[in-house]
Amino acid sequence: YFDVKLPSDRRIEKKAWRDRAILWFDGKYDTHYGNIREGILNYCQEDVDDTAKLYLAVQDKIDFQRAIAFRGHYAKDVALMERAGIPIDVKSRTAIVSRKMELELALIDSRREQFPVYKGHSFNFAMFGDFLAEHKIAWPLTEKGRLETKKKTFEQMTKTHPLLCELYELRTSISQVRMASAVPKMRAGREVWFLPVGADNISRTALKPFSTLTGRNAPSTTGFAFNLSSSLRSLVDPRWMPGYEPGEYGLAYIDYGQQEFAIQAKMSMDLNMIKAYDSGDPYTYYPQLCGYTIEEALAQRDKFKRATLGLGYGMGVESMALYVGVDYGRAEELREVHKTAFSTYWAWQDNVVAEHFKQAVMMQVPYDGWMFDTNGVKKGTTFNWFMQAGGSTMLRAAIRKVHDAGIAIHAPVHDALLIGAPVKDLPDAIATASRLMCDAGEMTLEGVIRPRVDSKTIVNDRYRDKRGTAMWKTMVDILGLCKDESLGHLAPYEPLSAPEPKEEEFYESEVGG
């Protein structure tokens, strides 16, 4: 992009030198390989030299104040979060790894009557089509006319058809259970781990900041606990913290409420949108601006919410009809209600966002100045970019404030933070972190809106996501895990060294998370 000539992909070479450096540091490296210290230094120097070449090419384009004060500082925050890591129930994790094939088959059998879409233990498209027809569910198709089964499609359709939630959880859990391994697997020349855990029962994985168009983190889909299925997230358990005593340490999950709506309201400066957010429930407030009674708005709240989200993604009426789960005519009506209530927002979208798309010029969010080149991207991506990039900027600002207050952050999760503290200090930590997250949101939204946050406390228990509670219970029953949730950890983590069982080659290829 900047016409800088750098070496081609050096992933294999980098991994080899990284492994040598680890062995050398631990005093385990065989000296017959020569001067390993000099080799490591030369390897590191190559990265420094490449970075210098890139810097000379881009220095005139760097906003140094923002780059250092905001994004540069975030590198320190990322290091702190990666170091803190996430406490994991290693007893249950070890059981999943060592008995994964048994678990996979038993999970399918446990839901086979409810979802007759598996032939043996392979997902069958024809059977899935029959299931959809029986329940009168319209489903998106691929260009070749096959049923679309991408994770994103499944996730969206579960929100329209709650009947499918358990099937989605089953597919995602099975996909990730197949990846469960005591050692990393290789994919496209890269090591892929299933929830790596250290000797201290803590899972640590690279958060990979600024890895997406919107500046969000992009940790491994199988190595990061909160990229796992809703059921497998129950492996997160503060009782497995090093040296834990009952009631000693707890976690709290604090997330922004209706963050994207708040960002849309601020960016467009639509007064009705701002009032709708400040009402506490925008999805029942704005329909009343268009003649709906409060009872009618409450009865159709989910449809108004999904229509709002779909329109924010830049969906057309046809796509939105599938997303919301209504016919084309009703989708048109929902769009018109939104356009009537938020006319200023629609004018901003047409005049500002659409103009960026047409001219293929850079877009930029306030505060830390994250930028986006619209050249060659889809129109819907352009519409949604401000909301997603604004959300990632807000979370980075919140992380900085929470860390500066001395509160441990175990993980950033899209629009939420997982914090931890001794139980006696946890209420104060939650109150402080919540206030600081609201402060950060108000700051990035330039004082127009003060966003809300919600919190969930996790003490003497594991993390629970209601979407995966039933599937986790099934896993506990299958594996015979301890059902006395008052018990803490029983033993420190011991890595498995037994060879992996050979898997069948006909498994459907899926990537979870």
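Read on for a plain summary of the structure. (Residues numbered from 1 in each chain as written. Predicted model: local features only at pLDDT ≥ 70, side-chain atom pairs only at ≥ 80, totals over all residues. Heavy atoms only, no water.)

### Comments concerning helix α7 (residues 151-160)
Point 1. Looking at α7, one finds that the buried residues are T153, F154, M157, T158 and T160. Along α7, the residues classed as buried sweep out an arc of 155° about the axis, all on the same side.
Point 2. Its buried side turned inward, α7 meets β3 (122-123), α6 (125-134), α8 (165-179), α13 (301-312) and α14 (317-324). (Buried < 20%, exposed > 50% of the residue type's maximum accessible area, 1.4 Å probe, protein only. Helix = DSSP H or I, 4+ residues; strand = E, 2+ residues; numbered from the N terminus. Arc of directions from axis to C-beta. Contact = heavy atoms within 4.5 Å.)

### Focus on the pairing of strand β10 (residues 408-413)
Point 1. Within β10, five of the six residues are buried, which leaves the element mostly enclosed by the surrounding structure.
Point 2. When β10 meets strand β11 (residues 416-422), the two strands line up antiparallel, connected through five bridges. Bridge assignment links I409 to a residue of β11, and that residue is I419. (Pairing = 2+ DSSP bridges.)

### Some points on α8
Point 1. With 15 residues, α8 extends 22 Å from end C-alpha to end C-alpha; this agrees with the ideal 21 Å at 1.5 Å per step.
Point 2. Extensive coverage of α8 is indicated by the burial of 14 of its 15 residues. (Expected span 1.5 Å × (residues − 1).)

### Topic: the nonpolar core
Point 1. Ranked by internal contacts, the top residues of the largest apolar core, which has 128 residues, are F226 and I419.
Point 2. When residues of this core are assigned to their parent elements, the largest contribution, 11 residues, is made by helix α17 (residues 379-404).
Point 3. Those residues in contact with I419, other than ones at most four positions away along the chain, are G250, L251, A252, I254, I407, A408, I409, H410, A429, I430 and A433. (Core = buried A, V, L, I, M, F, W, Y, C linked by side-chain atoms within 4.5 Å.)

### Comments concerning the packing of aromatic side chains
The geometry of an aromatic ring pair is captured by the separation of the ring centres together with the interplanar angle, meaning the angle of the planes.
Point 1. Per the counting criterion, the structure on display carries 25 aromatic pairs.
Point 2. Summarising the aromatic geometry, the rings of F224 and F226 are spaced 6.2 Å apart at their centres and angled 55° between planes, so their arrangement reads as tilted.
Point 3. The exposure class assigned to F224 is buried, which follows from its relative accessible area of 6%.
Point 4. Assessed through its relative accessible area of 4%, F226 is described here as buried.
Point 5. Between F261 and Y283 the ring centres are 5.9 Å apart and the planes differ by 80°, which places this aromatic pair in the edge-to-face class. With F261 in helix α9 (residues 259-268) and Y283 in helix α11 (residues 282-288), this residue pair connects regions lying 22 residues apart in the sequence.
Point 6. For F261, a relative accessible area of 2% translates into the label buried.
Point 7. Accessibility expressed as a relative area gives 4% for Y283, which makes it buried. (Phe/Tyr/Trp six-rings, centres within 6.5 Å; stacked < 30°, edge-to-face > 60°.)

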